[in-house]
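A structural walkthrough
Take a look at the letters that make up each chain.
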Amino acid sequence: MLGCSDDDESDAPSAGAQALAEGQPLRKLSVLANESTQSTEFSATLAAAPTPTALQAGTLTQLWLYNGAIPGPLVELREGQHVRVVLDNRLAQDSTIHWHGMPVPPAQDGNPMDPVPPGTRRLYEFDVPHGSAGTYWYHPHPHLKTAEQVAHGLAGPVIVRAADDPLASLPDVTLFITGLRLDVHAQVEADDPIDWSVGRQKETLLVNGGRLPVHPVSPGATQRWRIVNATAARHFRLALEGHTLTLVGTDGGLLGAPIADLPEVLVAPAQRIEVVVSANAAPNGRYRLRALRHETDFLGLGSYADEDLMTMVTTSGLPAAPVIIPSALRAIAALGEPELQQLVEFDEAMGMCTSNGATVAFLINGRIFDPGRVDLVTNVGRVESWDIVNRTGMAHPFHIHGTQFQLVSRQAGTQVTPAPYLAWIDTVLVPALETATIRTRQTMPGKRMFHCHILEHEDNCMMAILDVRPS
Ligand code: C2O
Ligand code: CU
Ligand code: CU
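Here we summarise the structure given alongside this text.

Each value, and the rule that gives it
- Residues numbered from 1 in each chain as written.
- Chains lettered and ligands numbered in written order.
- Predicted model: local features only at pLDDT ≥ 70, side-chain atom pairs only at ≥ 80, totals over all residues.
- Heavy atoms only, no water.
- Helix = DSSP H or I, 4+ residues; strand = E, 2+ residues; numbered from the N terminus.
- Rg over C-alpha atoms; globule rule 2.2 N^0.38 Å.
- Buried < 20%, exposed > 50% of the residue type's maximum accessible area, 1.4 Å probe, protein only.
- Pairing = 2+ DSSP bridges.
- Axes fitted to C-alpha atoms, helices over the stretch in contact; angles between N-to-C directions.
- Donors = N, O, S within 2.8 Å, 3.2 Å for Na, K, Ca; no water.
- Phe/Tyr/Trp six-rings, centres within 6.5 Å; stacked < 30°, edge-to-face > 60°.
- Salt bridge = Lys/Arg side-chain N within 4 Å of Asp/Glu carboxyl O.
- Contact = heavy atoms within 4.5 Å.
- Polar contact = N/O pair within 3.5 Å; in protein donor to acceptor, adjacent residues only side chain to side chain.
- Core = buried A, V, L, I, M, F, W, Y, C linked by side-chain atoms within 4.5 Å.

Let us now look at the overall build of the protein chain. Along its length, the protein chain carries three helices and 31 strands. Computed over the C-alpha atoms, the radius of gyration of the protein chain is 21 Å, within 12% of the 23 Å expected from 2.2 N^0.38 for a compact globule of 471 residues. Expressed as lengths along the three principal axes of its C-alpha atoms, the size of the protein chain is roughly 60 × 50 × 50 Å. The 471 residues of the protein chain split such that 58% are buried.

Let us now look at the sheet that holds strand β3 (residues 75-78). One open sheet holds the four strands; their spatial order is β3-β8-β7-β5, and the pairing between them is mixed. Looking at the sheet topology across the chains shown, the edges are occupied by β3 and β5 (98-100). Adjacent strand axes in the sheet meet at a mean angle of 25 degrees, parallel and antiparallel pairs treated alike. The sheet contact formed by β5 and strand β7 (residues 134-139) spans three bridges and is antiparallel.

Attention now moves to the coordination of the copper ion (ligand 3). On the protein side, the copper ion (ligand 3) has H396 (ND1), C452 (SG) and H457 (ND1) as donor atoms, found 2.0 to 2.1 Å from it. Spacing between the donor residues of the copper ion (ligand 3) along the chain follows H-x55-C-x4-H. An identical accessibility class is assigned to C452 and H457; each is buried.

This brings us to the sheet that holds strand β17 (residues 265-267). Whenever strands of a sheet pair, they do so through backbone hydrogen bonds, lying parallel or antiparallel. Ordered by their spatial adjacency, five strands build an open sheet running β12-β20-β19-β14-β17, and the pairing between neighbours is mixed. Of all strands in the sheet, those bounded by a partner on one side alone are β12 (214-217) and β17. Strand-to-strand, the axes of this sheet are offset by a mean angle of 25 degrees, without reference to chain direction. Pairing geometry for strand β14 (residues 236-240) and β17, over three bridges, is antiparallel. Within β17, the position partnered with F236 by the bridge is V267.

Counted by the stated rule, this structure contains nine aromatic pairs. Summarising the aromatic geometry, the rings of W99 and F126 are spaced 5.2 Å apart at their centres and angled 55 degrees between planes, so their arrangement reads as tilted. With W99 in strand β5 and F126 in strand β6 (residues 121-127), this residue pair connects regions lying 27 residues apart in the sequence. Just as W99 is buried, F126 falls in that class too.

With that settled, the discussion passes to the pattern of salt bridges. Following the criterion strictly, the structure yields 30 salt bridges and no others. With a shortest N-O distance of 2.6 Å, E241 and R288 are connected by a salt bridge. Placement of E241 in the loop between β14 and β15 (245-250) and of R288 in strand β19 (residues 286-292) is noted, with a sequence separation of 47 residues between them. The salt bridge involving R469 is made with D467; its shortest N-O contact spans 3.0 Å.

Looking at the copper ion (ligand 2), the protein donor atoms are H98 (NE2) and H399 (NE2), and they sit 1.9 Å from it. Here H98, found in strand β5, pairs with H399, found in strand β25 (residues 396-400); they are 301 residues apart in sequence, far enough to count as distant. When sorted by exposure, H98 lands in the same class as H399, which is buried.

Counting buried residues along strand β9 (residues 172-180), eight of its nine residues qualify, which places the element largely inside the surrounding structure. Relative to strand β13 (residues 222-229), β9 is paired through six bridges, and the arrangement is parallel. Bridged to T174 within β13 is R226.

Below, the discussion takes up the environment of G153. With respect to the helices and strands, G153 occurs in the loop between α1 (146-151) and β8 (156-161). Along the backbone, G153 and L309 are 156 residues apart, and their C-alpha atoms lie at a distance of 18 Å. If near-sequence neighbours (up to four positions away) are discounted, G153 is found in contact with W64 and L65.

We now examine the side chain of N89. Within the secondary structure layout, N89 lies in strand β4 (residues 82-89). Of the residues examined, N89 reaches a relative accessible area of 0% and is grouped as buried. Within polar-contact distance, the side chain of N89 engages the backbone oxygen of V116 at 2.8 Å. Separated by 3.4 Å, the side chain of N89 and the backbone oxygen of P117 make a polar contact. Each residue touching N89, except ones within four places of it in the same chain, is listed here: A48, D94, S95, V116, P117, P118, G119 and T120.

Turning to the nonpolar core, a few remarks are in order. Counting 33 residues, the largest nonpolar core has V344, W386, F398, V428 and F450 as its most contacted members. Excluding its chain neighbours within four sequence positions, the residues that come into contact with V428 are Q271, I388, H396, P397, F398, F405, L407, R410, A436 and I438. Counting residues in each nonpolar core, the second largest holds 29 residues, with L205, V217, V277 and L289 among its members.

In this structure, the amide linkage connecting I70 to the following residue, P71, adopts the cis form with an omega of -5 degrees. The topology assignment puts P71 in the loop between β2 (59-66) and β3. In this model, N67 sits at a positive phi of 50 degrees, which is unusual for a non-glycine residue. Inspection of the secondary structure assignment puts N67 in the loop between β2 and β3. By relative accessible area, N67 is classed as partly exposed at 38%. Unlike most non-glycine residues, N208 shows phi in positive territory, near 50 degrees. Among the secondary structure elements, N208 is positioned in the loop between β10 (204-207) and β11 (210-211). Classification of N208 by relative accessible area gives buried; the value is 3%.

Here it is in structure tokens:
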């Protein structure tokens, strides 16, 4: 486990992250302390710094962490708060903090065009609007270096809480899933050409910084789990052995109504879900939370297998009383009729974006990312329909900054499938050779990024700029 002593001479360092202790209790996330004395304000500092960490006996692994925590500390906010967070960049390269999924002004959103140089600090300042309660995350977003910085440990959760949360009485558990891949010297391994083509593979999966943790619950307990996929490129088809899941929330917070009895839920890179779990009423049960095999590329370049993430165990004792969850969670209004259609097409090309050592580049509308170019234009408040057309042989999780959007339909061949329910999302998975149609609207003027959230694709030119003009 983290912090195991390095004078334990009996264990030689082993390859990969095998020596990360398995089966420890699920860790509580460290919470970023609010330095403001006023409850309407949140102020704090996140220092991004190289952090030697004892992961394997006899060696220190150079992770890059926020405030020394793996994952980064939980930023717990309330609707209506004014937020001031300073990034103290102690890395040897540019960084930023991007507030993934949150409606923060473009200039405060950690775009690659606004780097924070090594050895400097900058203040990010924004309001948390009412209606934005949900599960988000923060991560660096520097030009060309996002994948490397996240692979070293820089990412953490954000929870925005509402005063009128209909599920407030449930125990609230955050499961922040990250990947870690170490070389034979127990250092974070650089991406190889396969990673640069399909996204970082073969990572050891950590939940709240622990390997295969154990989560004890009372028999029959009802809990709310917020699950964050903070990996670079892994698609999780999540299933809990012996249980079904009740989906209650997506990227942008609660659904209109719970969707019960789901055997599995797919969570693409960068996506979040909230599920209610009603544990079996029998004591001393063990149930694995698993990511079932899910192939996302036609060439089979990714490493695909069933993988375990965590084990829920029911303790001994009498069963907890069942909890009825409300049949209505909150109102979600459909975004209205679109005033404009926009087209976003994914293609692949050889030899167009090679600075990271990749051979294949993925393009958006035929072009590679240029931080000095505007790719699409919109106006504040305008509802648009975007067709996101994937002409490549692999799935891409498509993300737009600064807003939550709504999936309208998917198309595969001539088969059009309407979205099964209305939800706020900021990342939509577009499988190979399929099209996703969304409705989206921006509320603040400035430049917004849109990109594939496989971090190697984002760094490798599969990103573009939406200029939001005042209306
Ligand atoms: Cu989490 Cu530009 O993304
Ligand atoms: Cu984002
Ligand atoms: Cu991609």
